[in-house]
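# Close look at the chain arrangement
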Amino acid sequence: MTPYARRGVHGQTVETLARRVLSGDIPEGSTLDLVELQRELDVSLTALRESLKVLAAKGMVDARQRRGTFVRARSDWNLLDADVLRWQFAEGTSAGADLALLRNLGEVRGIIEPAAVRLAAERRTDADLAALEAALADMGEGDGGAAHAVEADLAFHRALLAATHNELLTRMEMVIESGLAHRDRIVHSSPHGEDPVPSHRAVLDAVRAKDPDAAQQAMRALLDQAVRDLNKVHGTAAPAAPETKGSEAK
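Rules of the game
Residues numbered from 1 in each chain as written. Predicted model: local features only at pLDDT ≥ 70, side-chain atom pairs only at ≥ 80, totals over all residues. Heavy atoms only, no water. Helix = DSSP H or I, 4+ residues; strand = E, 2+ residues; numbered from the N terminus. Core = buried A, V, L, I, M, F, W, Y, C linked by side-chain atoms within 4.5 Å. Buried < 20%, exposed > 50% of the residue type's maximum accessible area, 1.4 Å probe, protein only. Contact = heavy atoms within 4.5 Å. Expected span 1.5 Å × (residues − 1). Pairing = 2+ DSSP bridges.

## Let's talk about the environment of Asn166
Residue placement: Asn166 occurs in the loop between helix 7 (145-162) and helix 8 (167-170). Considered as a pair, Asn166 and Ala120 are 46 residues apart in the sequence and their alpha carbons are 9.4 Å apart.

So, in structure tokens, the structure goes:
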């Protein structure tokens, strides 16, 4: 997906406004002064209104008679929108907010990908295997740099979702991709991360063997490694899982 910033004045205005809202620079509930924003951003009123329509479609702003255009509560925002996720990881976001969001996304991945890889093991085609093998080969090219490693990792996980042959699961790449890309940029730029190839190879081998149980186990191991890598980079421990009701005291 092409970032809005590359789509001319309109796109740059969307990006600027979105990041200000997400950072809290324009807080929830505040009413926007369109005349002042137009002057500050040096754009036409038409361009500003069109940009706000984009944010309105993502649940971030709304307009009412007598009140004008205002920022909606965060609970109304479409936080799973690919652009909204990417904007939250934009430059200027605090490290603490980044880590919390990455952990939230890690939990979402822990729900989606182990289940998805079971379907991939059952339904994969030769073309799916070829896509996975190509991505893994790219991942193994250690001299490609961090950007190359990020793209190879994304390609592998896209191919896994595609191998489910479930079009709704395939669309989950929009949720997974932003967080995975940001996490990969952090980890691959650090000397503390583990080699990702063996864990991904284990997933591919299980999918190739059409073994759903082994594929699910390998994916869980891969996701556990992702958490370890992130914690090493941030120098933190993973938060403890909340106690379930009725659990025994230890």
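Additional details are given in the paragraphs that follow.
## A short note on the nonpolar core
By size, the foremost hydrophobic cluster in this structure holds 23 residues, and its most contacted members are Val117, Leu132, Phe156, Leu160, Val203, Val207 and Met219. Where this core is concerned, the elements lending two or more residues are helix 5 (95-123), helix 6 (126-139), helix 7, helix 10 (197-208) and helix 11 (212-234). Residues within four places of Val203 in sequence aside, it is in contact with Val117, Phe156, Leu160, Ala218, Met219 and Leu222. In this structure, Leu22, Ile26, Val54 and Val61 belong to the second largest nonpolar core, which totals 22 residues.

## A few points about helix 7
Spanning 18 residues, helix 7 covers 26 Å between terminal C-alpha atoms, matching the ideal 26 Å at 1.5 Å per step. Within helix 7, the full set of buried residues consists of Ala149, Val150, Ala152, Asp153, Leu154, Phe156, His157, Ala159, Leu160 and Leu161.

## A closer look at helix 1 (residues 8-23)
In this model, helix 1 (16 residues) spans 23 Å end to end at C-alpha, consistent with the 22 Å of a helix rising 1.5 Å per residue. Restricting attention to buried positions, one finds in helix 1 the residues Gly11, Thr13, Val14, Glu15, Leu17, Ala18, Arg20, Val21 and Leu22. Looking at the buried residues of helix 1, the elements they touch are helix 2 (34-41), helix 3 (45-57), strand 2 (68-71) and helix 4 (82-88).

## Brief notes about the pairing of strand 2
In the sheet, strand 1 (residues 61-64) pairs with strand 2 via four bridges, with the strands oriented antiparallel. Looking at the pairing, Asp62 lines up with Phe70 of strand 2. Linking strand 1 back to strand 2 in an antiparallel pair, the connection comprises three residues, with Arg66 at a positive phi of about 75 degrees.

## What to know about the environment of Thr31
By the element assignment, Thr31 lies in the loop between helix 1 and helix 2. Classification of Thr31 by relative accessible area gives partly exposed; the value is 45%. Sequence separation between Thr31 and Thr69 is 38 residues, and the spatial gap between their C-alpha atoms is 5.7 Å. Once residues lying within four places of it in the same chain are set aside, the contact partners of Thr31 are Arg67, Thr69 and Phe70.

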